[in-house]
Amino acid sequence: MNEEHLRSLIGAAKAGRVSRRAVVRRLVGLGLTAPFASLLLTHAGVAAEPGAFAYKPQKAGGGGALKLLYWQAPTLLNPHFAVGTKDQEGSRIFYEPLAGWDADGNLVPMLAEEIPDIENGGLSHDGRSVTWKLKKDVKWHDGQPFTADDVVFNWEYASDPATAATTIGSYQDVTVEKIDPSTVRVNFKKPMPFWADAFVGTQGMIIPKHLFEAYTGAKSRDAQTNLKPVGTGPYRFVDFDPGDRVRGERNPDYHLANRPYFDTIEMKGGGDAVSAARAVIQTGEYDYAWNLQVEDEILQRLEKGAGAKGRVEITPGGNIEQIQLNSTDPWTEVDGERSSIKTTHPLLSDPAVRQALGMLVDRDSVQKYIYGRTGVATGNFINNPARFVSKDTHWEFSIDKASEVLEQGGWKRGPDGIRTKDGKQLKLVFQTSINAPRQKNQAIVKQACQKAGIEMELKSVTASVYFSSDVANPDTYAKFYCDMQMYTTTMTEPDPSRFMRQFLTSEIAAKANKWQGRNITRWHSAEYDDAFAAAEGELDPVKRAALFIKMNDLVVNGQAVIPDVYRPRVSGISRQLRAHLTGWDNDVWDLRNWYRET
Amino acid sequence: MTRYLLRRLLIAVPSLLGISIILYTVLALAPGDPFGELASNPNVPPQVALALRAKFGLDDPVWLRYLHWLVAMLHGDWGFSFVSRIDVDRLILQRLPTTLLVIGSSQIVALLIALPVGVYSATRPYSVFDQIANTLAFIGFSLPTFFTGILFILVFSVTLHWLPIVYRADLAATGWRWYWEEFRQAAMPVAVLGLFQGASWTRYVRSAVLDVIRLDYVTTARAKGIAEFAVVTRHVVRNALIPVVTLVALSMPTVFGGAIVTEQIFRVPGIGSLLITSILANDTPVIMAVTFVFACLVILFNLLADVLYGWLDPRIVYR
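Residues numbered from 1 in each chain as written. Chains lettered and ligands numbered in written order. Predicted model: local features only at pLDDT ≥ 70, side-chain atom pairs only at ≥ 80, totals over all residues. Heavy atoms only, no water.

Novice: How do you make sense of the overall build of chain A when you look at a structure like this?
Specialist: When helices and strands are tallied, chain A shows 16 helices and 23 strands. Its C-alpha radius of gyration of 25 Å places chain A within 12% of the 25 Å reference for a compact globule of 598 residues. C-alpha atoms of chain A, sized along the principal axes, occupy 80 × 55 × 55 Å. The burial tally for chain A puts 62% of its 598 residues in the buried class. A sequence separation of at least 24 residues applies to 70% of the contacts in chain A between residues at least 6 apart. Of the roughly 22,000 Å² that chain A leaves accessible, carbon and sulfur atoms contribute 49%. Distance between charge centroids for chain A: 3 Å, based on 72 positive and 75 negative side chains. (Helix = DSSP H or I, 4+ residues; strand = E, 2+ residues; numbered from the N terminus. Rg over C-alpha atoms; globule rule 2.2 N^0.38 Å. Buried < 20%, exposed > 50% of the residue type's maximum accessible area, 1.4 Å probe, protein only. Contact = heavy atoms within 4.5 Å. Areas by Shrake-Rupley, 256 points an atom, 1.4 Å probe, with all protein chains shown as cover. Lys, Arg positive; Asp, Glu negative; His and termini not counted. Charge placed at Lys NZ, Arg CZ, Asp CG, Glu CD.)

So this is what it looks like as structure tokens:
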């Protein structure tokens, strides 16, 4: 991409000659992802256009009941304790952050008056602080005013290790101060290119100080409000049965005019994804179904059925199903651990083997025969937002070429058809969790490998064991006592800085850190570490994106992992319901603007 | 009698203790981690999961955790759910009414089918009615509930649009409409469970009545010229149903324990679905409480069945 071209486009948008949307569209056409493009504009002071969402109802209320079906039910309603997405979703009905992320990766103000940028003085030039102006006249559901004190309190609450908040990661490294009753400033220890983390999106929901003040630290579990939320959101709390359902009613004092549309809201949980898809798409009993992890074939059949009442909505996000290649030796024990960083893999340390494996993953077939719309073949590790997506990588599936690479690398076929070099047979063990699509995916890889002369043993582990952090169990994904493994890594924010930590040398999972490190492949490179460190301090978004693209290319071309398919979000939605979904925030992030077309 | 009861209750104490030790050990040995989801989330630093483990005492040795649990249980503290961060007894009490309603009515339905059909089949063995009833009973308890449940959904919800798929504990309607809606949503789960249970009970009732109906005193009653209906109800059924009463009493704990599979299929928020979600989330305190309460109920109803048996059949003496 031409930097000059980019700057002139942004300049045009700034001068008002071209609309912001048009610029975003053109930038996307140039190969940037939408969220990236919009972040560039925000950085340059071109604010998101208000009213980009068409909200048609002329008054609040009158919409009847809105029924959401989640096949995993929320078990608690304090956003700072949310264990999984389900809990965040339940909390998000009642609580709001300062801003949320839309599908294009734009920040949309919620409790904030405006999105901070350089122009309005919200962002400091040195990148060490961000100042949020809060919306005035916002009231908690119990009538108390929402002020800067509440925001500061949330930082104190979440950053206290004794509270054991799951959001601590977003708050522990910042300090927050009150400037005046409707302004707060978040200070960073070092220049922070990705400043929109604390108080934003899934990690940023704000709880009221006056109800939680007495319950910080170790007392946090005793707060009644953990189960009876009092928020600022479009719906007020009615009742909650953990693990079953959440109910709410319209908040008549909501701080946005003519909203919300529905009179009551219900989030019902439990059951399984297939019947949830049925209840929305086929029978229309419910309006919205979350996270439909269902084979695309079934979804299509439901959608095409006579009298279908709903449809499937696919929302791009950053999650990726990847095949990891172990850089260390999983079969030798050193100092009480296998896959120790002191070893190297006897077979996979040969670049020829890695390169051949990359050519033996038939991603097209995986997409076509297994995932359909719910898993898109990819050669990149970062697949969204578009501004971070590399154009320089490519992938192909070719058994012949893979065989050639192995042949040139000195791997000769033995009498049993298995390639050998220096007395070592090319035999690999490939593990994943028990899940029908993954087992099919394993079979596709194994078949191709066998044709190329690689013997592959497949192993599958129960998900509850595989994904557990049980230090005593040898079969967890973090221990990686295996040659290859496959699972989905999630990227929850439209910025890859957290996501890309998983290849840092300092993050290598090992016995010393109880396998809590994020670097599971144990792949490491000084060049990568340097690029990451540079990106951490780079305030120019264009240069920063280039650094992340470089990191992606290092990982992909170095065959640390073989990207397989990226997994967009899949929801079921009634044909009449209008809802704006995003891959970067909760499904109900924009609940206030949901309405039913009559 | 009092001494017998006292002795049985005393025996129950060590058995409950044994059950709780076995349950706790099995759960402690089972793989999995209640905070596993946190560990794989890149936004949550690893210290959070470690802090939570320490806070809930998960790093203590198993015997110490068991002792803590036992002492708390004796004080009436059922524990604290890791996942919901509330007390376990509140979770269970929230689920109890729905379970009692759905499973309870399915047991009543089962009895209403099993008694008349079983008795009538036995009075006319090998008649056409008996043959048909027998065949249906075999089909009934051979088909698993997860199959009939999905079949019912397909027929009554998807194709005919008569009944809702999703069970809701809170219905918006009031008055008669509430009863109608409740009936509509409970119809499928109750029918699935009731038909299954009814089918197997029919077989028991039939064979119990057949055993009695051939006895000499029945022939005597008939010879005295007593009407057939009176013979069956007053002389036959009264004696034949003693084993059936035991059977029903022994199946009562399931009314509280819920039906895991059926509750999951219809999204009935009962104890069974609480148990399965807790198992999947490795929420040990909840699993422990539910299974332990279940064990208590089994022991209690066993005792009740024995006492009932003696009351119905005075030939049995307690020692």
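Now that the structure has been shown, the text picks up again.
Novice: For this particular structure, what's the right way to read the nonpolar core?
Specialist: As a rule of thumb, soluble globular proteins bury nonpolar side chains together. Residues and elements named next belong to chain A. Residues Leu66, Leu68, Tyr288, Leu292, Leu299, Leu591 and Trp594 are the most contacted members of the largest nonpolar core, which totals 68 residues. Broken down by element, this core gets its largest block of residues, 6 residues, from helix α8 (residues 273–282). If sequence neighbours within four positions are ignored, Leu68 has contacts with Ile265, Glu266, Met267, Lys268, Tyr286, Tyr288, Val588 and Trp594. Trp195, Phe199, Leu504 and Val556 belong to the second largest nonpolar core, which has 58 residues in total. (Core = buried A, V, L, I, M, F, W, Y, C linked by side-chain atoms within 4.5 Å.)

Novice: How do you make sense of the packing of helix α10 (residues 351–359) of chain A against helix α12 (residues 399–408) of chain A when you look at a structure like this?
Specialist: When two helices pack together, their arrangement is given by the angle between the helix axes and by the axis-to-axis distance. All names here are of chain A. Relative to each other, α10 and α12 sit at 175°, their axes nearing to 8 Å. Relative to α12, the element α10 lies roughly antiparallel. When α10 is examined against α12, the residues Ala352, Val353, Gln355, Ala356 and Met359 are found in contact with a partner set consisting of Lys401, Ala402, Val405 and Leu406. (Axes fitted to C-alpha atoms, helices over the stretch in contact; angles between N-to-C directions. Parallel < 35°, antiparallel > 145°, perpendicular 65-115°, else oblique.)

Novice: Would you mind showing me how to read unusual backbone geometry here?
Specialist: Across residues other than glycine, the phi torsion is negative in most instances, and most of the peptide bonds are trans. In this chain, Arg259 of chain A is followed by Pro260 of chain A through a cis amide linkage whose omega measures -5°. Position of Pro260 of chain A among the secondary structure elements: in the loop between β8 (245–250) and β9 (264–269). Along the chain, Asn384 of chain A connects to Pro385 of chain A via a cis peptide bond; the corresponding omega equals -15°. Structurally, the position occupied by Pro385 of chain A is in the loop between β13 (376–377) and α12. The backbone of Lys514 of chain A sits at a positive phi, close to 55°, despite the residue not being glycine. Relative to the helices and strands, Lys514 of chain A is located in the loop between β19 (484–489) and α15 (526–537). With a phi close to 55°, Arg267 of chain B is a non-glycine residue in the positive phi region. Given a relative accessible area of 3%, Arg267 of chain B falls into the buried group.

Novice: Any chance you could explain the interface of chain A and chain B here in plain terms?
Specialist: Tallying the contact residues gives 60 residues for chain A and 43 residues for chain B. Both sides together, the interface formed by chain A and chain B hides about 4,400 Å², and carbon and sulfur atoms give 52% of it. Of all residues in chain A, Val83, Arg221 and Arg518 of chain A give up the largest surface area on contact with chain B, accounting jointly for 15% of the area buried on that side. In this structure, Arg168 of chain B and Glu266 of chain A form a salt bridge, with 2.7 Å as the shortest nitrogen-oxygen distance. Summed over the shared surface of chain A and chain B, the result is 13 residue pairs in polar contact (both at pLDDT 80 or more). Where the side of chain A that touches chain B is concerned, the elements lending two or more residues are β1 (65–70), α4 (85–92), α6 (168–171), β7 (235–241), β8, β9, α8 and α14 (463–466) of chain A. The element best represented in the side of chain A that touches chain B is α8 of chain A, accounting for 5 residues. Its residues assigned to classes, the side of chain A that touches chain B shows 20 nonpolar, 23 polar and 17 charged. (Buried area = accessible area lost by both parts, 1.4 Å probe. Salt bridge = Lys/Arg side-chain N within 4 Å of Asp/Glu carboxyl O. Polar contact = N/O pair within 3.5 Å; in protein donor to acceptor, adjacent residues only side chain to side chain. Nonpolar A, V, L, I, M, F, W, Y, C, P; charged D, E, K, R; others polar.)

Novice: Got a minute to help me understand the pattern of salt bridges in this structure?
Specialist: Proximity of charged atoms lets side chains of opposite charge pair with each other. Counted under the stated rule, the structure contains 41 salt bridges over all chains. Close ionic contact of Arg206 of chain B with Asp130 of chain B constitutes a salt bridge, the shortest N to O distance being 2.8 Å. Placement of the pair is Arg206 of chain B in helix α8 (residues 175–213) and Asp130 of chain B in helix α6 (residues 128–142), with a sequence separation of 76 residues. Both residues of the pair, Arg206 of chain B and Asp130 of chain B, count as buried. When salt bridges with common partners are traced through the structure, they connect Asp239, Asp241, Asp244, Arg245, Arg247 and Lys268 of chain A into a single cluster.

Novice: What should I look at first to understand the pairing of strand β12 (residues 320–325) of chain A in this one?
Specialist: Put simply, side chains in a regular strand alternate between the two faces of the sheet. Residue and element names in this part refer to chain A. Summarising burial for β12: 6 of the 6 residues are buried, a large majority. Every second residue of β12 is oriented toward a common face, with Ile320, Gln322 and Gln324 on one face and Glu321, Ile323 and Leu325 on the other, all of them buried. As defined by bridge partners, β12 adjoins β19 across 6 bridges and the pair is classed as antiparallel. Paired with Leu325 across the bridge in β19 is Met484. Strand direction decides the pairing type here: β12 and strand β20 (residues 561–566), joined by 5 bridges, are antiparallel. Considered in β20, the bridge of Gln322 is made with Pro563. (Pairing = 2+ DSSP bridges.)

Novice: Whenever I open this one, the packing of helix α5 (residues 88–123) of chain B against α6 of chain B confuses me. Can you help?
Specialist: All names here are of chain B. Following both chains from N to C, one finds α5 and α6 inclined at 135°, their axes separated by 8 Å at the closest point. Between α5 and α6, the crossing angle belongs to the class labelled oblique. Two packed elements cross with a definite hand, and for α5 against α6 that hand is left-handed. Note on element contacts: α6 touches α5 through Phe129, Asp130 and Ala133, opposite Val117, Tyr120 and Ser121. Looking at the contact of α5 with α6 residue by residue, the class counts come to 4 nonpolar, 1 polar and 1 charged. (Left-handed = near helix turned anticlockwise from the far one by under 90°.)

Novice: Hey, could you run me through the side chain of Asp553 of chain A in this one?
Specialist: Residue and element names in this part refer to chain A. As for its position among the elements, Asp553 is in helix α16 (residues 541–557). The buried charged residue Asp553 lacks any salt bridge, with Lys550 as its nearest oppositely charged partner at 9.9 Å. The residues touching Asp553, leaving out its near neighbours within four places in the chain, are Ser390, Asp392, Thr393 and Gly558.

Novice: What am I meant to see in a nonpolar patch on the surface here?
Specialist: Residue and element names in this part refer to chain B. On the surface, a nonpolar cluster with roughly 770 Å² of combined accessible area is contributed by Phe146, Phe147, Leu151, Leu154, Val155, Leu160, Trp162, Ile260 and Val261. Of all the elements in the fold, those that place two or more residues in the nonpolar patch are α7 (145–159) and α11 (260–266). The biggest single contributor to the nonpolar patch is α7, with 5 residues. (Patch = residues over 30% accessible without salt bridge, like charges linked within 9 Å, V, L, I, M, F, W, Y side chains within 5 Å.)

Novice: Teacher, can you tell me more about the packing of aromatic side chains here?
Specialist: The relation between two aromatic rings is expressed through the spacing of the ring centres and the mutual angle of the planes. Residues and elements named next belong to chain A. Overall, the coordinates contain 37 aromatic pairs over all chains when judged by the stated rule. With centroids separated by 5.7 Å and ring planes inclined at 85°, the aromatic side chains of Tyr55 and Tyr595 adopt a geometry described as edge-to-face. Here the residue Tyr55 occupies a position in the loop between α3 (34–43) and β1, and Tyr595 occupies one in strand β23 (residues 595–596), the gap between them amounting to 540 residues. Under the relative-accessibility criterion, Tyr55 is labelled buried at 14%. A centroid spacing of 5.1 Å and a plane angle of 75° characterise the contact between Phe381 and Phe503, whose relative ring orientation is edge-to-face. Of this pair, Phe381 sits in the loop between β13 and α12 while Phe503 is found in the loop between β19 and α15, placing the two residues 122 residues apart along the sequence. Site record: aromatic cluster; members linked through ring pairs are Phe381, Phe499, Phe503, Trp523 and Tyr528. The side chain of Lys67 reaches across the aromatic face of Tyr286, ending 5.1 Å from its centre. Positioned above the aromatic ring of Trp515 is the side chain of Lys479, whose terminal nitrogen or guanidinium carbon lies 4.3 Å from the ring centre. (Phe/Tyr/Trp six-rings, centres within 6.5 Å; stacked < 30°, edge-to-face > 60°. Lys NZ or Arg CZ within 6 Å of the ring centre and 35° of its normal.)

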